[in-house]
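# Geometric and topological summary
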Amino acid sequence: MVLFDQVSVQYGAGPQILRDITFTLAPGSFHFLVGRSGAGKSSLLKLMYLGLRPTSGLVSLFGRDVATLQPADFPSIRRRVGVVFQDFRLIEHLSALDNVALPLRVAGVREADIRRHCSELLSWVGLAEHLNALPATLSGGQQQRVAIARAVIARPNLLLADEPTGNVDDVIGLRLMYLFEELNKLGTTVVVATHNDALVSRFTHRQLRLEQSSVRIFDPAGVSQSTASPYTMPAGNS
Amino acid sequence: MFGLRSDLPLDRDAAAKFLPWILGFMVYLAALAVGSAMVVDRLSANWQNGLTGNLTVEVPFTDDIGVTERGELLDQVINLLSATPGVAGTTLLDDREIARLLEPWLGAEATELDIPLPAMISVTLRENAELDIAQLQQDLAAIQPGARVDDHADWIADALSFLRGLKLLAALLTGLVLTATAFTVVFVTRTGLSIHRSVIEIVHLIGAPDAYIAQQFQAQSLRLGIIGGVIGTLLAAGTMLGADHLLRAAGTVAGVPGSDSADIGSTSGMGPSGIGLALDLHLLPWQWGVLGLLPFATALIAMVTARWTVLRSLARFI
C-alpha cells in the first residue's frame, strides 16, 4: 500500500526534515503517527498524498514509484487517498455539504446520490443542522468534522489525518476515532498523525514514531505497556 | 454547461465582472467591421454589374460644325451603335442631364458657359455581351474624329481595388479585435487562477484532474462571452440600421444616390455621380445570419482560450 525506502526530505538548502525513513504500511493497517511538533509529521503525510516529492529515496503508493508518475497520473492516485488537513482546508464559499461533496463531484458521481451520501455522513458526524452552513460560520470542531467527512466520503483506500482531533472535545474525538476504525474495518488503510498521547494510549494500534527526523515503529500490542521500548521494524514487515 | 455548478467563485472576481463589457465592446467593433465588409462585398458586386452593363460614348464637336450637321453626325453614331451586336439600346443625354453630370466639377451653370460640350450617348449592353471596343472606337473615329468609347474599365478597376482595400482593412480589424479578445480572456483567466490558487490546490489534492478545473473557467468564459457577444452584436446591428436610415434620409433630401433620381443615373452609368452605386448599407438575410453567429464565435474563442490558459498554467501547479 505504502512503502518508504531511505526517504529523505530537505527544503532547499535547509536542514533535513526527514532522514532515511524506511517503513511499510500494509493494506488495511491502522497507524498513529506520533512525534513532537516540527518532527516532520506533516511532511511525511505530504509525501503520501503527493503534496511533496522526496529529495532522495523511494516512495511507492499502491505499488507505483511516485518518482515515475506523470502529472496526469496524480488525480487517479489522489482520489484513492483521503486527507484531513491540519488546517482543514475547507473551501470558504462552499457550504458544508458542497465541501463534503467535492471528492464525489470530482469522481463524477450522480448529483442525487451525492446529496444523499453527504447529508447522511454529515448527520453521522453531528452536523445535520449545518448542511448549508458556510465554514466561516462553523466552530473549529465543526469545521474539523466537515474536513473529516470530506476525507472519507469517497471511501479512500488510504486515509491520512493530520491532528484530526485537535479541535474537538474528547467525546467527539473518540467518536471520530471510531469513524476511522469503522473505515479501517472496511479495508481502508489509516494513518492518524497526532500529539495527543492520551488518545493514542486508548488504542492499541501501531505507532510510527518520528524522532530526530527518522521513524521507528512501535507496536503496543506486541509488548506490555509498562515495559514498552520502541524498536525499529524492518522494512516490509509492518 | 450553463447549469454547471462551480467550485470556484469566479463570478465574484472583479476582472470577470468586466469581461462581458470588454467582450461586448470587442464584439461591437468586430461586428461593425464584418458588417462593413459584407456591405462592401455586396456593393462591389452591384457596381460591377451596373457598370459592365453599359458604355458611354462621347462625341466632341468643334465650333465650326453647325446644328444640322451635328444632328446628322449623331444619327450616324447612333446607327452604328445600334447595329453593333450586343447593344441593347442607346440614349442621347440631353443638356439637362449633362449639366447634372458636370455640376460637381463645373458648377450649376456649366451648360451656359461658353465652352464646347461633347454629346454623350449612354449605351446599354445585353447581358454577357462582349464588344470589340477597339474596333468600335475606330469606327466612331471614322465618323467624327475625337469620338471616344468609355467602358469604365479603368474606373471599375480603381473602384474595385478600393473596395478590396476596405475589405482587407475590415478583415484586419476583425482579426485584431478577436486577438485582443483572446488576450483579454487569457488575462482574466490567469487572474482568476492566481486569486483562487489555494482553492485550486485543494481541489487538486482531492484528485480533480486539470480538465475539471478548466471546465469551470471555460464554462464561465463561454457564458460571459455569449452575454458580451449578444450585447455587442445587437449594438452593432442598431448602429448599422441607424446609419443606413440616416443615409437614406440624407439621400432623399439631397436627391443623390439611393433616391429616385438614381434611375436616370443607372441607365447613363456615368461613374461616381451616375448610379448603380447607391451606398445603401442594408444587409441581406444571410449576412444578418453571419452577424448573428458572431456572439457564439466569440464565446467559443473565449471558451477555448480559457481552457488552454488553465491547462497550460496548471501544468506548473503541484
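Along each chain, numbering runs from 1 in the same order as the chain's sequence is written. Starting at A for chains and at 1 for ligands, labels are handed out in the order in which the entities are written. The predicted nature of this model means local features are confined to residues of pLDDT at least 70 and side-chain atom pairs, given and counted, to a pLDDT of 80 or more, with totals for whole chains, interfaces and linings taken over all residues.

### Some thoughts on the domain arrangement of chain A
Residues and elements named next belong to chain A. When its domains are assigned, chain A resolves into domain 1 (1–80 + 157–238) and domain 2 (90–155). Bear in mind that the domain bounds are from an automatic or database domain assignment. One C-alpha centre belongs to domain 1, the other to domain 2, and the line joining them spans 24 Å. Counting from the N terminus, the helices are the DSSP runs of H or I reaching at least four residues and the strands are the DSSP runs of E reaching at least two. Looking at the side of domain 1 that touches domain 2, the element that brings in the most residues is helix 6 (residues 170–185), giving 3 residues. For this classification, the nonpolar set comprises Ala, Val, Leu, Ile, Met, Phe, Trp, Tyr, Cys and Pro, the charged set comprises Asp, Glu, Lys and Arg, and every other residue, Gly included, is treated as polar. By residue class, the composition of the side of domain 1 that touches domain 2 is 7 nonpolar, 1 polar and 1 charged.

### Description of the sheet that holds strand 6 (residues 81–84) of chain A
All names here are of chain A. Sheet architecture is open: 6 strands sit in the order 6-7-8-3-9-10, paired in mixed fashion. With partners counted over all chains shown, the strands left at the sheet margins are strand 6 and strand 10 (214–218), one partner each. For this sheet, the mean angle separating the axes of adjacent strands, direction not counted, is 20 degrees. Where strand 3 (residues 30–34) and strand 8 (residues 189–193) come together, 4 bridges link them in parallel fashion. Residue pairing across strands places Leu 33 opposite Ala 193, the latter belonging to strand 8. We call two residues in contact if the C-beta atoms placed from their backbones are at most 7 Å apart. Only the stretch in contact is used when a helix axis is fitted, and all axes are lines through C-alpha atoms; the angle between N-to-C directions ranges over 0 to 180 degrees. Contacts between helix 5 (residues 140–152) and the sheet are confined to strand 6 and strand 7 (158–162), with strand 6 contributing the most and set at about 175 degrees to the helix. Only when DSSP finds a minimum of two bridges between them are two strands counted as paired.

### Structural notes on the interface of chain B and chain A
Listed by partner, the interface residues are 13 residues for chain B and 14 residues for chain A. Element by element, the count of residues in the side of chain B that touches chain A is highest for helix 6 (residues 197–205) of chain B, at 4 residues. Counted by class, the side of chain B that touches chain A contains 11 nonpolar, 1 polar and 1 charged residues.

### Some points on the nonpolar core
The term nonpolar core means buried Ala, Val, Leu, Ile, Met, Phe, Trp, Tyr and Cys residues held together as one set by C-beta atoms within 7 Å. Counts of 20 or more other C-beta atoms within 10 Å of a residue's own C-beta define buried residues, counts of 12 or fewer define exposed ones, and intermediate counts define partly exposed ones; C-beta atoms are placed from the backbone. Counting residues in each nonpolar core, the largest one holds 115 residues, and the members touching the most others are Val 100 and Leu 160 of chain A. Sort the elements by how many residues they give to this core and helix 1 (residues 14–52) of chain B lands first, with 14 residues. In this view, Val 100 of chain A contacts Cys 118, Leu 121, Leu 122, Val 146, Ala 149, Arg 150 and Ile 153 of chain A; residues no more than four positions away in its chain are not counted.

### Notes on helix 1 (residues 41–48) of chain A
All names here are of chain A. Burial analysis of helix 1 places 7 of its 8 residues in the buried class, the great majority of the element. Listed as buried for helix 1 are Lys 41, Ser 42, Leu 44, Leu 45, Lys 46, Leu 47 and Met 48. Directly after helix 1, the chain includes Leu 50, whose backbone phi takes a positive value near 60 degrees.

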